[in-house]
Amino acid sequence: MILYTEALPVAAPAPGSVLDPVGPDAASIAGLTWFMIALGGLLWLATVVFLVLALRHRARRAPQRNTRGAKAFIAVWGVVIPMLVLPAVFAYSLVVGIGVSRPAPPEALDIEVVGYQFWWEVRYPDSGVVTANEVHVPVGRPVQLQLNSADVIHSLWVPPVSGKVDLVPGRENTMTFQVDEPGTYLGECAEFCGIQHARMQFVLVAQPEEEFEEHLRTLQLSSGTPDTDPERAGRDVFLSASCGDCHRIEDVSEGGMAPAPDLTHLASRDTIAAGMLENNRGNLAGWILDPQGLKPGVRMPPNNLGGDDLQALLVYLESLE
Ligand code: CUA
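Residues numbered from 1 in each chain as written. Predicted model: local features only at pLDDT ≥ 70, side-chain atom pairs only at ≥ 80, totals over all residues.

## Some thoughts on the UniProt feature "domain: Cytochrome oxidase subunit II copper A binding" (unreviewed entry) in the protein
Consideration 1: The positions UniProt marks with the feature "domain: Cytochrome oxidase subunit II copper A binding" (unreviewed entry) are residues 106-218.
Consideration 2: When the span residues 106-218 is considered, its composition is 9% helix and 50% strand, and the gap between its end C-alpha atoms is 25 Å. (UniProt positions renumbered as here; feature names shortened; annotations may be inferred. Helix = DSSP H or I, 4+ residues; strand = E, 2+ residues; numbered from the N terminus.)

Here is the structure:
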């Protein structure tokens, strides 16, 4: 049964490039990358030039043994140049590495991210907001992510924003970065973690401080309590179909039987299924009915809801802003 293949194109923004940085940390990594590309290119070019010269020399004259010249050449190219180049690359990498892993300044915003197979839980400890697969940050202010994993090793990477940092079970890693250009960036899991590793994505939204505060306030005030009769019917389906055993919704369900995204602010997110699908009614319906068809190996079981129940549930889920 394939109802929704048209909906399959990836909903998240296009992956950004390391070479197109949007913040100081990414810029220093881009600088190092260009340095290594330039140096590697230069050495490659020199090697090719010497190779061509040697072949031409060999073609013109019968091979002679010039061991002194050969020894000097090997000494320069095999010993002296690597002794200059490798420490330079090492030193530059060290400086960049120390710079991007510096401790967060006191004004940094703290966000906790927990990796799950195959999605991301996002917590803002200062405001108590818990959401999933979408990280909002203020532009021009340092952010510190506290990274942890609930199952296997994942790795968080937003190429135009910062380097990768692993999420390791039982260990807290941190990542500090700053985004200077407002925008929506694709984040990815950069450590193979299972069958849906390639589709363990999230969206990083960098917005002006006021917009960010407003967004957070909205999430903070959210409640899953339905306002209208159709929404109430949907909430009842949500509970009777056992969705609430795993998914938490503020004031409605505790969740927790198996790890699953908090749905309190589901309708505020641009994507569902960890950045894979645009958050619209068709995709939501497809996802609820047949998650294993869309993303084999995720923990969400298929649901056998009748048409009316499904519609009611969709109305309710779309009200969760
Ligand atoms: Cu999580 Cu790869």
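## Regarding the domain arrangement of the protein
Consideration 1: Partitioning the protein into domains gives domain 1 (24-59 + 68-101), domain 2 (109-220) and domain 3 (229-319).
Consideration 2: Tallying the contact residues gives 20 residues for domain 2 and 15 residues for domain 3.
Consideration 3: Elements represented by at least two residues in the side of domain 2 that touches domain 3 include exactly β2 (119-124), β3 (129-132) and β10 (201-207).
Consideration 4: Classifying every residue of the side of domain 2 that touches domain 3 by side-chain character gives 13 nonpolar, five polar and two charged. (Domains from an automatic or database assignment. Contact = placed C-beta atoms within 7 Å. Nonpolar A, V, L, I, M, F, W, Y, C, P; charged D, E, K, R; others polar.)

## Examining the sheet that holds strand β7 (residues 165-167)
Consideration 1: Taken in spatial order, the five strands make up an open sheet running β4-β10-β9-β6-β7, and their pairing is mixed. What marks the edges here is a single partner per strand, and that holds for β4 (134-138) and β7. Each strand of the sheet is rotated relative to its neighbour by a mean of 25 degrees, with strand direction disregarded.
Consideration 2: As judged from the two bridges shared by strand β6 (residues 154-157) and strand β9 (residues 183-189), these two strands associate in the antiparallel manner. What sits directly across from Leu156, in β9, is Cys189.
Consideration 3: Here helix α3 (residues 209-221) sits on the sheet in contact with β4 and β10, set at roughly 135 degrees to β4. (Pairing = 2+ DSSP bridges. Axes fitted to C-alpha atoms, helices over the stretch in contact; angles between N-to-C directions.)

## Some points on helix α1 (residues 24-60)
Consideration 1: Along its 37 residues, α1 runs 54 Å from first to last C-alpha, staying within 8% of the 54 Å computed at 1.5 Å per residue.
Consideration 2: Residues Asp25, Ala26, Ile29 and Leu32 constitute the buried set of α1.
Consideration 3: Elements that come into contact with the buried residues of α1 comprise α2 (67-100) and β8 (173-177). (Expected span 1.5 Å × (residues − 1). Buried ≥ 20, exposed ≤ 12 C-beta atoms within 10 Å, placed from the backbone.)

## As for the UniProt feature "transmembrane region" (unreviewed entry) in the protein
Consideration 1: Residues annotated in UniProt with the feature "transmembrane region" (unreviewed entry) correspond here to residues 29-53 and 74-95.
Consideration 2: This span, residues 29-53, is 100% helix and 0% strand, and a straight line between its end C-alpha atoms measures 36 Å.

## A closer look at the pairing of strand β1 (residues 109-116)
Consideration 1: Taken across its eight residues, β1 has six buried, putting it largely inside the fold.
Consideration 2: Relative to strand β5 (residues 143-149), β1 runs parallel, the two sharing seven bridges. Across the sheet, residue Glu112 finds its bridge partner in β5, namely Gln146.
Consideration 3: Bridging between β1 and β2 involves five bridges; their strand directions are antiparallel. Of the residues in β2, the one forming a bridge with Glu112 is Arg123.
Consideration 4: Turn length for the β1-β2 hairpin, with the two strands adjacent in sequence and antiparallel, is two residues.

## Some remarks on the packing of helix α6 (residues 281-289) against helix α8 (residues 307-318)
Consideration 1: At a minimum axis distance of 10 Å, the contact between α6 and α8 shows a crossing angle of 120 degrees. With respect to α8, the axis of α6 lies oblique. In this structure, the crossing between α6 and α8 has a hand that is right-handed. On the side of α6, the interface is formed by Arg281, Leu284, Ala285 and Ile288, while α8 contributes Leu310, Leu313, Leu314, Leu317 and Glu318.
Consideration 2: Residue classes in the contact of α6 with α8 are distributed as seven nonpolar, no polar and two charged. (Parallel < 35°, antiparallel > 145°, perpendicular 65-115°, else oblique. Left-handed = near helix turned anticlockwise from the far one by under 90°.)

## Quick look at the sheet that holds β2
Consideration 1: One open sheet holds the five strands; their spatial order is β3-β2-β1-β5-β8, and the pairing between them is mixed. The open sheet has two edge strands, β3 and β8, and neither has a second partner. In this sheet, adjacent strand axes meet at a mean angle of 25 degrees when their direction is disregarded.
Consideration 2: Sheet topology note: the β2/β3 ladder contains four bridges and is antiparallel. Opposite Arg123, over in β3, you have Val130 as the bridge partner.

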